[in-house]
Amino acid sequence: MRRFVIIMAAALCLVSCQSKHEKLQREIQQRRSALEHHQDSALEASQKEVERLDKELQKVNAEYNKMKTAAEAAHAAGTATAEQLTRTTQMHMHRDSLQVQFDVMCAKIKYINKRKQQHQEGLVPRNMHK
């Protein structure tokens, strides 16, 4: 009788462990699919932001080049005003700010793609799952 009880307890323990294992596997799969969804949506948003920044950067860059040429010509002729030079400098700073934002978004896209590839290949270190 004792053996039977021990065998039954061991069988119940194995069934319980298997059930917990299956539950954990389902949770892991759910987290993976949630991570993939999050990465996809972040990637899509970042790509749209890069497109917007690129258009704005091209527009601002053209405007800055026009302002710079006019300011340099006025400066060479001695007719440049402080206001004109200030606006040109502010446009230069705005262009540089947009360029930094553009570079950051491009780096973010590269990082997301790299992480997606690592997850697909199963190469993500444990401490990187934060």
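Quick look at the structure, then. Quick caveat, the model's predicted, so the values are computed rather than measured.

As for the pattern of salt bridges
For the coordinates displayed, the defined rule picks out six salt bridges. Arg52 serves as the salt-bridge partner of Glu49, at 2.6 Å between the closest nitrogen and oxygen. Here Glu49 pairs with Arg52, and both are found in helix α1 (residues 2–77), just three residues apart, close to one helical turn. Exposure remark for Glu49: the relative accessible area of 26% places this residue in the partly exposed category.

As for the environment of Leu35
With respect to the element layout, Leu35 can be found in helix α1. Distance from Leu35 to His119, taken between C-alpha atoms, is 9.5 Å for residues 84 residues apart in sequence.

About the thresholds
Residues numbered from 1 in each chain as written. Predicted model: local features only at pLDDT ≥ 70, side-chain atom pairs only at ≥ 80, totals over all residues. Heavy atoms only, no water. Salt bridge = Lys/Arg side-chain N within 4 Å of Asp/Glu carboxyl O. Helix = DSSP H or I, 4+ residues; strand = E, 2+ residues; numbered from the N terminus. Buried < 20%, exposed > 50% of the residue type's maximum accessible area, 1.4 Å probe, protein only.

Limitation: the analysis is restricted to geometry and does not speak to function.
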